[in-house]
Amino acid sequence: MNSFVEVISPGNRLTVQDLGRRGSQRFGVSVSGVLDLAAAVTANRLVGNPATSAMLEATFGGVSLSFNSETRVAVTGAEVNVDVNGFPMPIWETMILPAEAVLTLSIPSTGLYSYISVAGGIDTPIVLNSRSTHVASALGGHEGRILAAGDTLPIGEDIDGQSRPRAGTTAPQSVVPGSYDRERPVRVISAPQYDAFDDDAKSKFFATSFTISNLTDRQGARLDGASIPAIDGKHDIVSDPAFMGAIQVPSDGKPIVLLADRQPTGGYAKIASVIGPDLPNVVQRTPGSEIAFELVGIEEAQELARGFQKSIYKTPLVEPARISSSHLEVDGKTYNVQIVRPTTIEEEMVADGIIYADIRDHAEVAVTVEASHE
Amino acid sequence: MTTTDVNCDGGPVIEYPRILPASDSSILIEFGDTIDYETNARVYALQTEIENSDLGSSVVEFIPSYRSLLVEYDVSECLYADLNERVNDLIGKTAISDGTTINSDQNAHEIPVAYGGDYGPDLENVATHAGLTTDEVIAIHSSTDYRVFMLGFAPGFPYLGGMDSRIACPRLATPRTLVPAGAVGIAESQTGVYPNPSPGGWQIIGRTPMKLFDVDADPPSAMLPGTKVTFVPIANDEFETMVGSE
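Keep in mind it's a predicted model, so treat the numbers as computed, not measured.

*Asks:* Which parts of the structure should I look at to understand the overall build of chain B?
*Replies:* Summing up its helical and strand segments, chain B has 5 helices and 15 strands in all. Buried residues in chain B amount to 43% of all 246 residues. Nonlocal contacts in chain B, meaning residues at least 24 apart in sequence, comprise 62% of its contacts between residues at least 6 apart.

Structure (structure tokens):
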């Protein structure tokens, strides 16, 4: 049976995204892709996918999904309440949902974007090397558009299920946003048109606590709070390459941090570039949040970027804690039963074919069952 | 090789080529700040040099523009300081003589265009602004050799150089929310074609039935940088026939 996920409620803006459509910007094609790299990569790791697998990106929660068959799933990103068939479940953790499960995300208490990964990845068609949805150009994802209630998306084959992370596996603390310091200024390096701004304008840029505007979207975070004038009002430049995290200042002086759906080229002066490690902290700030910037040098920025890459791709996941264990004898065989945590269901139970139905009917408890040494 | 002085107005004078970090994982090489074929040719010559060098494996992708090249790279593979040095060496190897243009031996792409009427709702505007008849605007627009400088703004959208300044016209005061695929437009002294339906503020003078961007083609864009382009007027019923035959 083919596995699929059905959208019951798409929330604000639910799209299929992966790490972005790379290599086609020279043809005018936007990269798109996930906004919060740390959360997205972690979501894929938690279900045992390669970093490049496609997942769902939810905007401000409010999503409800159903899965036709047993599916390994993880939710990361914004702080939302998740429930499965009405039972609360943790985020930043591997879950195994039984067939016909309904997964629901609340509105977030902090943060904006949630990532829902599934083992095998969302298997929509690859367009120019990526499954990412770029809505403005109607490319990728599901029919190039935002998902709607009733849409059904295929899930790729979950091969090597046994070697994937177990239910209850959690993300390392270093990538969970609870450990981000939201009050900390966002670090930037100077961008190519830094000297299109005089010392007063630069001082103003770094002294201002900006507010993230309601007009913020996947293309850019628009900032209110101060107008940053270019020398002689020269905000327009000959159209030049644009890139993730570039802070451009159009003629109204209000900075815009360019994000995943940006166009590949643009004609406004760029004063600074947000460093990669601080981008999750920018994209997850909701409209109305404050944001300030701090200048660092390129050497420091690249050292931080390397540390960030290592942190999100290489930091080991945390194995599930064993809460208690006991022995169980079925048909003359002794099994080692370990209660992992409430409301998670381990795949070993399916493999061993025992007490599974009973556990599912009483979904408050989950166990791992392993054949003990005979 | 890069020096920055201050001119008498107090603004910075930049000496080109200039290499600088754009972000923690991209480097920008600027060859000037003007739109001309020679500067543009240097951009693509450097891209080719880098692609053919051992740096190729660290490159995530290139964004070439009118006058600069952005190279996005994997920061875990190489750092700015090393890349700056390597790129500087490669610039020295790119011999571009004055007046060179890329792909200069290519034949011109002929783009059939149905001008005016429903296909070109702003043709009258452009004619009025230029003090010409609509036929004269069509004759001027379709008798020029254009060249693609870069693609940007939207998938396959070509920035074309070489338009006759007599038919230059400001953008619409209020951009349209939807411009159809194939719309041929004018904005200031630029002309271009919208490959896909999109919002847009250019003055639309005609429409081509030709498909300019196809995700299943390799490359996906019919008009690559350096390509020569001419527009060939067709009748409205020819447009219908050509669309119908696709």
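*Asks:* Hey, could you run me through the interface of chain A and chain B in this one?
*Replies:* Interfaces are frequently sized by the accessible area removed from exposure as the parts join. Taken together, the contacts link 36 residues of chain A with 40 residues of chain B. Elements represented by at least two residues in the side of chain A that touches chain B include exactly strand E15 (236-241), strand E18 (265-274) and helix H4 (298-314) of chain A. Sorting elements by how many residues they give to the side of chain A that touches chain B places H4 of chain A first, with 6 residues. The residue makeup of the side of chain A that touches chain B, split by class, is 18 nonpolar, 13 polar and 5 charged.

*Asks:* For this particular structure, what's the right way to read the sheet that holds strand E4 (residues 26-30) of chain B?
*Replies:* Within a beta sheet, neighbouring strands are joined by backbone hydrogen bonds and run either parallel or antiparallel to one another. All names here are of chain B. In spatial order, the strands read E3-E4-E6-E5; together these 4 strands make up an open sheet with antiparallel pairing. The sheet is open, and its two edges are formed by strand E3 (18-23) and strand E5 (59-64), each paired on a single side. Put simply, the sheet's adjacent strands are angled 20 degrees from each other on average, direction ignored. Where E4 lies against strand E6 (residues 68-73), 5 bridges are found, and the strand directions are antiparallel. By the bridge assignment for E6, Glu30 is matched with Ser68. Here helix H2 (residues 80-93) sits on the sheet in contact with E3, E4 and E6, set at roughly 30 degrees to E4.

*Asks:* I tried to follow the packing of helix H1 (residues 37-52) of chain B against H2 of chain B on my own but got confused; where do I start?
*Replies:* Two numbers describe a pair of packed helices, the interaxial angle and the distance between the axes. Residue and element names in this part refer to chain B. At their nearest, the axes of H1 and H2 sit 9 Å apart, and the two run at 120 degrees to each other. When the axis of H1 is compared with that of H2, the two are oblique. Seen from above, H1 lies across H2 with right-handed handedness. Between H1, through Leu46, Glu49 and Ile50, and H2, the contact on the second element is made entirely by Leu90, Ile91 and Lys93.

*Asks:* I keep staring at the pairing of strand E12 (residues 190-193) of chain B and nothing clicks. Help me out?
*Replies:* Across a regular strand the side chains alternate sides, sitting on one face of the sheet and then on the other. Relative to E12 of chain B, strand E11 (residues 183-187) of chain B runs antiparallel, the two sharing 4 bridges. Note on E12 of chain B: the bridge partner recorded for Ala187 of chain B is Gln190 of chain B.

*Asks:* Got a minute to help me understand the domain arrangement of chain B in this structure?
*Replies:* Residue and element names in this part refer to chain B. Domain assignment breaks chain B into domain 1 (4-93) and domain 2 (109-244). Measuring from the centre of the C-alpha atoms in domain 1 to the corresponding centre in domain 2 gives 31 Å. Each partner contributes to the interface: domain 1 provides 7 residues, whereas domain 2 provides 6 residues. At 3 residues, H1 tops the list of elements feeding residues into the side of domain 1 that touches domain 2. Considered class by class, the residues forming the side of domain 1 that touches domain 2 number 5 nonpolar, 2 polar and no charged.

*Asks:* Sorry, what's going on with the domain arrangement of chain A here?
*Replies:* Residues and elements named next belong to chain A. Taken domain by domain, chain A comprises domain 1 (4-179), domain 2 (186-314) and domain 3 (324-371). Domain 1 and domain 2 are separated by 27 Å when their C-alpha centres are compared. Each side of the interface is counted separately: domain 1 has 24 residues, and domain 2 has 15 residues. Where the side of domain 1 that touches domain 2 is concerned, the elements lending two or more residues are helix H1 (37-46) and strand E10 (110-118). Sort the elements by how many residues they give to the side of domain 1 that touches domain 2 and H1 lands first, with 5 residues. Looking at the side of domain 1 that touches domain 2 residue by residue, the classes come out as 13 nonpolar, 10 polar and 1 charged.

Cut-off values and rules
Residues numbered from 1 in each chain as written. Chains lettered and ligands numbered in written order. Predicted model: local features only at pLDDT ≥ 70, side-chain atom pairs only at ≥ 80, totals over all residues. Helix = DSSP H or I, 4+ residues; strand = E, 2+ residues; numbered from the N terminus. Buried ≥ 20, exposed ≤ 12 C-beta atoms within 10 Å, placed from the backbone. Contact = placed C-beta atoms within 7 Å. Nonpolar A, V, L, I, M, F, W, Y, C, P; charged D, E, K, R; others polar. Pairing = 2+ DSSP bridges. Axes fitted to C-alpha atoms, helices over the stretch in contact; angles between N-to-C directions. Parallel < 35°, antiparallel > 145°, perpendicular 65-115°, else oblique. Left-handed = near helix turned anticlockwise from the far one by under 90°. Domains from an automatic or database assignment.

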